[in-house]
Amino acid sequence: PRSTLFPYTTLFRSREVATIQANLVRSVVDEVRWHLTAERILTYRPDAVVEFGASGVLVALVKRMAESPSTHVVSDFEGVEQLRHTLERCAEASV
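Residue positions within a chain follow its written sequence, with the count starting from 1. The predicted origin of the model limits local features to residues at a pLDDT of at least 70 and limits the giving and counting of side-chain atom pairs to 80 or more, whereas totals for whole chains, interfaces and linings rest on all residues. Hydrogens and water molecules were not included; the side-chain quantities draw on all heavy atoms of the structure.

### Examining the pattern of salt bridges
- Counted as salt bridges are all cases of a side-chain nitrogen of Lys or Arg within 4 Å of a carboxyl oxygen of Asp or Glu. Summed over the entire model, instances satisfying the criterion amount to three salt bridges.
- Taking the shortest distance from any N to any O, the salt bridge between Glu67 and Arg45 comes out at 3.9 Å. With a gap of 22 residues between them, Glu67 in the loop between α2 (57–64) and β2 (70–74) and Arg45 in the loop between α1 (17–42) and β1 (48–52) connect regions that are remote in the sequence. Assigned by exposure class, Glu67 and Arg45 land together as exposed.
- Each of the salt bridges in this network shares a partner with another, and the network as a whole consists of Glu81, Arg84 and Glu88. Working definition: helices are DSSP H or I runs of at least four residues, strands are E runs of at least two. Numbering for both runs from the N terminus. Each residue's exposure class comes from its accessible area (1.4 Å probe, protein chains only) as a fraction of the maximum for that residue type: buried when under 20%, exposed when over 50%, partly exposed otherwise.

### Overview of the nonpolar core
- Here the nonpolar core consists of buried residues drawn from Ala, Val, Leu, Ile, Met, Phe, Trp, Tyr and Cys, with membership extended through side-chain atoms lying within 4.5 Å. Core analysis: the largest hydrophobic core is formed by seven residues, namely Ala38, Leu42, Val49, Leu58, Leu61, Val62 and Met65.
- Contributing elements (two or more residues each) for this core: α1 and α2.
- Looking at this core element by element, the count peaks at three residues for α2.
- In contact with Val62, other than residues within four places in its own chain, are Ala38, Leu42, Val49, Ser68, Pro69 and Thr71. Contact criterion: two residues are considered in contact whenever any of their non-hydrogen atoms come within 4.5 Å of each other.

### Section: the pairing of β2
- Each pair of strands is called paired provided DSSP finds at least two bridges between the two strands. Summarising the sheet, β1 and β2 pair through five bridges and their orientation is parallel. Within β2, the position partnered with Glu51 by the bridge is Val73.
- As a crossover connection, the stretch from β1 through α2 into β2 is right-handed. Throughout, right-handed denotes a crossover for which the path from the first strand over the helix to the second runs clockwise when the strands point away from the viewer.

### A word on the environment of Gly79
- By the element assignment, Gly79 lies in helix α3 (residues 77–93).
- Sequence separation between Gly79 and Phe52 is 27 residues; the distance between their C-alpha atoms is 9.2 Å.

This is the structure in C-alpha coordinates:
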(Lines give C-alpha, C1' and ligand atoms only; values in the text may rest on other atoms or scores of the structure.)
Protein backbone atom coordinates (compact mmCIF):
# COMPACT_ATOMS: atom_id res chain seq x y z
CA PRO A 1 0.00 0.00 0.00
CA ARG A 2 1.09 3.56 -0.71
CA SER A 3 2.01 5.73 2.21
CA THR A 4 0.00 8.90 2.70
CA LEU A 5 2.73 10.39 4.90
CA PHE A 6 4.73 13.39 3.79
CA PRO A 7 7.31 11.96 1.35
CA TYR A 8 10.31 12.95 3.49
CA THR A 9 8.95 11.38 6.67
CA THR A 10 11.03 8.47 7.87
CA LEU A 11 9.54 5.79 10.09
CA PHE A 12 11.82 4.10 12.59
CA ARG A 13 11.42 0.83 14.43
CA SER A 14 11.70 1.06 18.21
CA ARG A 15 15.00 -0.86 18.23
CA GLU A 16 16.54 1.87 16.05
CA VAL A 17 15.78 4.65 18.53
CA ALA A 18 18.92 3.99 20.63
CA THR A 19 21.08 4.10 17.51
CA ILE A 20 19.44 7.32 16.35
CA GLN A 21 19.94 8.92 19.77
CA ALA A 22 23.61 7.88 19.85
CA ASN A 23 24.18 9.28 16.35
CA LEU A 24 22.48 12.54 17.25
CA VAL A 25 24.63 12.97 20.37
CA ARG A 26 27.77 12.12 18.37
CA SER A 27 26.79 14.67 15.73
CA VAL A 28 26.35 17.45 18.30
CA VAL A 29 29.65 16.59 20.00
CA ASP A 30 31.43 16.61 16.62
CA GLU A 31 29.95 20.03 15.79
CA VAL A 32 31.19 21.46 19.10
CA ARG A 33 34.66 19.99 18.51
CA TRP A 34 34.82 21.51 15.00
CA HIS A 35 33.75 24.89 16.37
CA LEU A 36 36.39 24.80 19.13
CA THR A 37 39.01 23.80 16.57
CA ALA A 38 38.07 26.75 14.34
CA GLU A 39 38.29 29.14 17.29
CA ARG A 40 41.67 27.73 18.30
CA ILE A 41 43.02 28.14 14.76
CA LEU A 42 41.93 31.78 14.63
CA THR A 43 43.87 32.58 17.82
CA TYR A 44 47.03 32.15 15.71
CA ARG A 45 45.82 34.88 13.30
CA PRO A 46 46.65 32.89 10.14
CA ASP A 47 46.71 34.50 6.71
CA ALA A 48 44.84 31.51 5.27
CA VAL A 49 43.17 28.28 6.34
CA VAL A 50 43.43 25.26 4.05
CA GLU A 51 41.36 22.16 4.71
CA PHE A 52 42.25 18.96 2.93
CA GLY A 53 39.29 16.68 2.28
CA ALA A 54 35.88 16.83 0.71
CA SER A 55 33.86 17.99 3.71
CA GLY A 56 34.96 21.60 4.13
CA VAL A 57 33.41 21.67 7.62
CA LEU A 58 36.25 23.60 9.24
CA VAL A 59 36.48 26.15 6.44
CA ALA A 60 32.73 26.77 6.64
CA LEU A 61 33.01 27.46 10.38
CA VAL A 62 36.03 29.73 9.98
CA LYS A 63 34.21 31.76 7.29
CA ARG A 64 31.36 32.47 9.73
CA MET A 65 33.66 33.92 12.37
CA ALA A 66 34.60 37.57 12.61
CA GLU A 67 37.82 38.63 10.90
CA SER A 68 38.25 35.28 9.19
CA PRO A 69 41.27 34.73 6.94
CA SER A 70 41.03 33.49 3.38
CA THR A 71 39.91 29.87 3.24
CA HIS A 72 40.43 27.01 0.81
CA VAL A 73 39.12 23.44 0.60
CA VAL A 74 41.37 21.05 -1.30
CA SER A 75 39.62 17.81 -2.19
CA ASP A 76 41.19 16.65 -5.45
CA PHE A 77 44.30 16.93 -7.61
CA GLU A 78 43.06 20.10 -9.30
CA GLY A 79 42.61 21.70 -5.88
CA VAL A 80 46.15 20.72 -4.90
CA GLU A 81 47.48 22.30 -8.09
CA GLN A 82 45.51 25.50 -7.52
CA LEU A 83 46.83 25.70 -3.98
CA ARG A 84 50.39 25.13 -5.19
CA HIS A 85 50.07 27.98 -7.72
CA THR A 86 48.55 30.27 -5.09
CA LEU A 87 51.41 29.56 -2.69
CA GLU A 88 53.99 30.16 -5.42
CA ARG A 89 52.41 33.54 -6.25
CA CYS A 90 52.40 34.50 -2.57
CA ALA A 91 56.05 33.50 -2.21
CA GLU A 92 57.01 35.56 -5.27
CA ALA A 93 55.07 38.57 -4.02
CA SER A 94 56.82 38.51 -0.65
CA VAL A 95 60.31 38.56 -2.20
